[in-house]
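Structural overview for review
As a plain string of letters, each chain reads:
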Amino acid sequence: MEITTATRDGAIILSISGRIDTATAPTLEQAINKAIDGGNRKILLNFSAVTYISSGGLRVLLATAKKLKQPGDKYALCNLVTEVHKILKLAGFTTIFSIYPSEGEALAGW
Amino acid sequence: MPGGSEPLISQQWQPVPGAPAAQIYPFIRKIDTLSSDSCLIQTPDIILLIDPGGFPEQAENLVRITEELRKETDRPVFVILTHAHIDHFSGTVDIPAFAHTGVFVFAVQEAGAAVLESGDGKMTQADLLGQAIRPFPIGLPLVTAERAGAAGIPVSLAFSNGAEVTITRGETPGGLAWERIGFGTGPVLDVYHTPGHSPDSICLQVGGLLFIGDVLFAANPGIAGLCGWDQSALICSLDGIESLLSSGTVEVVLPGHGRVIAAADAKRMFASIRSDARALENIAELNRERAIETAAFAEECMEQVNELFTIMAGRLYYVTYVMEELGEDDIAEEVSRLIKGDAIDELLEVFRSFADEHHKGGGVSIHLALKAGQVIGKLQRSFDGPELSRIIDPALVQRAARLLSDYTTMLRGFCPPRERAECELIGHLESLVTGLSVPACSDSDLLASDDDDSTFTRLLLNRIGMQPLLSDVTFTFSAGEKSLVVAIDHDEFKDLVTYILEDLVGIGADAITLTIHRDNDCALITLRGTGCTASDAAKTEGGFLGRLSDRAGGTLTSVTAGTEREYSIRIPGLI
């Protein structure tokens, strides 16, 4: 798994590629925590190159949702591949945070 | 140095309990299907090498130790195989010391001798494991038919390695054909014929040690049904071995794979194996073709298992999240314990890594099938189905459990009959989609329960955990007839339709239409999702859903075009 970080319209965008599994989920959590600890309260996760997410990965997504629930905080995912979208949808996560088709739509819509 | 009834230590010389003149050097490996454990025993008269294993380096190491012993005191060496499966001897085939020196004389039960001298790829399991086998000579066939006629009369034999042995034939009180082999003045070797795992399986006793070959695994999925496996012979052998264990002469049991076992523990294990073996009537032979088919199903199955378990764990995390939001931390903690998410993730990862290596290295199908069986067995123990079903959708939990069970059934070699029964399709489908559209717990149920804390909590968890699959989509049901009766497998059909609806919801369909109508003598069910966010093709024909449809009694096709995906299930034979 690889993570690249960019800033756009006042938000931190973490673009993740590869598998989010037992081995890599802690790395994702660390990267998100680093962004939040740095004072960023608008986090967008671009999942366009995420091919798989395990239950450990789902837990990281929920832990982030818990940290970003103050007024003005923003947290969303975008560009999900079919398999990952299906897991999030059927697990019920789409009611906790928003999922957008693209970075642009996320930044315009959240 | 350990002795008596204490466990034996691998790769260390130690006294043989009950035979002070003998010493044992066990070579105990982690259990796998590639190579057996091995063992050296030395007495003043002889060196015995039991099951030299499947790896050349393992056999070479044993040869080296044997040569050192012979330098100290030159003695004949017998290589005794508990049975002629390739993982117990193939490490020796390219080592010159075994083939040319005349020092090592191979001994195996008479049926195994015939197998090895003819290079039989099926009975040695070489074909199943994708290995080649060359014939080689057996100097001492054991428990022979010829000696059966001379029970109680010692027979003397001389060998190229200088050994002179005396063999006396008999039968144990437990009904096992038995030979006692004397090599001189030292301890004797008792050989018991225990067919079942293979026709030539034997157990060996020296002092208080009983070597049992692979009988401990003979009823396991992926082992039972191997070419040469025999259920009734296995049960008789198990009875005979239990009788030996009850005789009080055995202190330690050495299986062909894995750690040694105290005799009392082995006795309990044998009772359980016998019970398992009794349930294995009419299982299919586990040959190369079935191994390939099982491995293919294993991969499909694990892909679905991965998805279902991730969704189930995700649902529980969701419930936990909501309960924490409500300040109900204790309940959240309790809910989070219902599934071992980390353990499940690790198991799924283990299988994926194994499968990746398998495909890279051109691995053998039976290994992949067995790995899946091992992982699935652990998955079955990693979640509490009934408790989970009280919180998340029971159909999801049942489907996961059924998937695991279906794989185990296939690996075991059972071919369950298709349980097709008449079904009025329109009513059946209406009932199914209604169940997927309304909450399991209604608003009024929830409101009516607020006087009772525990009932309210249960219903609240239920309400949060069981989100109706079709609650966020526009769903249309359309039937072209009033009634259509067909023969289907109800459970498989229900699973099929649910998997399809989950797929359509999962890929973001905002509207789903289910139509059902007559098409000549078939019922045709179409499920179409529109407004989908995905455009890649669905896996149907030949894939998991295709096979599921076949088991349900229909044929499945699918088309994906732009933002629409359509599945069609055709069920023949309208009644």
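Up top you'll find the structure we're talking about.
Residues numbered from 1 in each chain as written. Chains lettered and ligands numbered in written order. Predicted model: local features only at pLDDT ≥ 70, side-chain atom pairs only at ≥ 80, totals over all residues. Heavy atoms only, no water.

Comments concerning the packing of helix α3 (residues 82-91) of chain A against helix α16 (residues 490-506) of chain B
Contact geometry of α3 of chain A with α16 of chain B gives a least axis separation of 8 Å together with a crossing angle of 105°. In terms of their interaxial angle, α3 of chain A and α16 of chain B are classed as roughly perpendicular. Contacts between α3 of chain A and α16 of chain B involve T82, H85, K86, K89 and L90 of chain A from the first element and E502, D503, V505 and G506 of chain B from the second. Here the residues of the contact of α3 of chain A with α16 of chain B sort into 2 nonpolar, 3 polar and 4 charged. (Axes fitted to C-alpha atoms, helices over the stretch in contact; angles between N-to-C directions. Helix = DSSP H or I, 4+ residues; strand = E, 2+ residues; numbered from the N terminus. Parallel < 35°, antiparallel > 145°, perpendicular 65-115°, else oblique. Contact = heavy atoms within 4.5 Å. Nonpolar A, V, L, I, M, F, W, Y, C, P; charged D, E, K, R; others polar.)

What about the pattern of salt bridges?
A complete count under the given rule lists 36 salt bridges over all chains for this structure. The partner of D21 of chain A in a salt bridge is R19 of chain A, with the nearest N and O atoms 3.5 Å apart. Since its relative accessible area comes to 6%, D21 of chain A is described here as buried. R59 of chain A is paired through a salt bridge with D342 of chain B; the nearest N and O atoms lie 2.4 Å apart. With one member in each of two chains, R59 of chain A in helix α2 (residues 55-67) and D342 of chain B in helix α9 (residues 341-360) form a pair that bridges those chains. Take R59 of chain A: its relative accessible area is 34%, and that puts it in the partly exposed class. (Salt bridge = Lys/Arg side-chain N within 4 Å of Asp/Glu carboxyl O. Buried < 20%, exposed > 50% of the residue type's maximum accessible area, 1.4 Å probe, protein only.)

Some points on the packing of aromatic side chains
Counting across every chain of the model gives 12 aromatic pairs over all chains. Considering the side-chain rings of F98 of chain B and F104 of chain B, the 4.7 Å spacing of their centres and the 45° angle between planes classify their relative orientation as tilted. Grouping residues by exposure puts F98 of chain B and F104 of chain B together as buried. Each member of the aromatic cluster is reached from another via a ring pair, and the members are F89, F98, F104, F106 and F136 of chain B. Positioned above the aromatic ring of Y52 of chain A, the side-chain terminus of R19 of chain A is 4.1 Å from the ring centre. One Lys or Arg, R399 of chain B, reaches over the ring of Y499 of chain B and ends 4.6 Å from the middle of that ring. (Phe/Tyr/Trp six-rings, centres within 6.5 Å; stacked < 30°, edge-to-face > 60°. Lys NZ or Arg CZ within 6 Å of the ring centre and 35° of its normal.)

Some words on the interface of chain A and chain B
When the parts of a complex come together, some accessible area is lost, and that lost area is often used as the size of the interface. With 26 residues of chain A at the contact, the number on the chain B side is 29 residues. Buried area between chain A and chain B, summed over both chains or domains, comes out near 2500 Å², and the portion from carbon and sulfur atoms is 55%. The three residues of chain A that bury the most area against chain B are S55, K86 and L90 of chain A, which together make up 24% of that side's buried surface. Where chain A packs against chain B, one counts 7 salt bridges. A salt bridge links K86 of chain A to E307 of chain B, with the shortest nitrogen-to-oxygen separation between them at 2.9 Å. On the surface where chain A and chain B come into contact, there are 14 residue pairs in polar contact (both at pLDDT 80 or more). At 8 residues, the largest contribution of residues to the side of chain A that touches chain B is made by α3 of chain A. Residue composition of the side of chain A that touches chain B, by class: 10 nonpolar, 8 polar and 8 charged. (Buried area = accessible area lost by both parts, 1.4 Å probe. Polar contact = N/O pair within 3.5 Å; in protein donor to acceptor, adjacent residues only side chain to side chain.)

Details of the sheet that holds strand β1 (residues 14-16) of chain B
All names here are of chain B. The strand order across the open sheet formed by 7 strands is β1-β2-β3-β4-β5-β6-β7, and the pairing between neighbours is mixed. Every interior strand has two partners, whereas the edge strands, β1 and β7 (140-142), have only one. Geometrically, the sheet is characterised by an average inter-axis angle of 30° between neighbouring strands, direction not taken into account. Strand direction decides the pairing type here: strand β2 (residues 19-27) and strand β3 (residues 38-42), joined by 5 bridges, are antiparallel. The residue of β3 that forms the bridge with Y25 is L40. Seen against the sheet, helix α1 (residues 56-72) touches β2, β3, β4 (47-50), β5 (77-80) and β6 (104-109) and runs at an angle of roughly 5° to β3. Across the sheet, helix α3 (residues 110-118) lies against β6 and β7, angled at about 120° from β6, the strand it touches most. (Pairing = 2+ DSSP bridges.)

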